[in-house]
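# What the coordinates show
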Amino acid sequence: MQQNGMEQNADADATRQTGTPDSPVPHSRTPQSTAPPEPPEPPPRVTVAHPRTLAARSSQPLPGSRALVADDLGRQTPLGDVYLRSLMRTQLRLAAFVVGALGVVLGVLPVLLATVPSVRDSTLAGVPVPWLVIGVAVHPVILALAWVYQRQARKNEAEFADLVERS
């Protein structure tokens, strides 16, 4: 009877360790093989490229890719019109700002010359100061505003181009 009880304990241990009563008890040590270990398989090769490069290489669109903004612009879809109108509004707002600034500068000069008699009546090297201000001093202001306009317009267009390329 005692031997029967020990067999039941061994069966219970085997069931706890492996989950089934008939499976053998796992060994605590695995036998060492004499053959050298095989080298691991190299990972599969993956092509890394920008989606535009992949699209240029294939004649059909990539699976799961959505239509590009450039396609919307080229096909003149309503979404492309929205993007284009957004760029045009931005450029118009910039142009209005520059023209407004130039108008303020040029509008203040006659008021200044009319209200300040010492500036209106003074001369520099025989030339009246109002002529020098209107004929010479205005041009650097115009050039500075032109530089600001060109810089901002290029920035707006670059942001628009980035938007088109990102999508």
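Above this text is the structure in question.
These remarks concern the structure in this document. The structure displayed is predicted, hence computed values, not measured ones.

## Side note on the environment of Val119
Here Val119 shows up in helix α5 (residues 117–121). Taking the C-alpha atoms as reference, Val119 lies 6.7 Å from Val129; in sequence the two are ten residues apart. Beyond its immediate stretch of four places on either side in the chain, Val119 contacts Leu113, Val129 and Pro130.

## Regarding the pattern of salt bridges
One pass over the full model with this rule turns up one salt bridge. A salt bridge links Arg120 to Asp121; the nearest nitrogen and oxygen atoms lie 3.8 Å apart. According to the relative accessible area criterion, Arg120 is partly exposed, its value standing at 39%. With a relative accessible area of 58%, Asp121 lands in the exposed category.

## Brief notes about unusual backbone geometry
Phi at Ala125 takes a positive value of approximately 60°, unusual for a residue other than glycine. Take Ala125: it is sitting in the loop between β1 (123–124) and β2 (127–128). Residue class for Ala125 comes out exposed when judged on its relative accessible area of 79%.

Rules used in this analysis
- Residues numbered from 1 in each chain as written.
- Predicted model: local features only at pLDDT ≥ 70, side-chain atom pairs only at ≥ 80, totals over all residues.
- Heavy atoms only, no water.
- Helix = DSSP H or I, 4+ residues; strand = E, 2+ residues; numbered from the N terminus.
- Contact = heavy atoms within 4.5 Å.
- Salt bridge = Lys/Arg side-chain N within 4 Å of Asp/Glu carboxyl O.
- Buried < 20%, exposed > 50% of the residue type's maximum accessible area, 1.4 Å probe, protein only.

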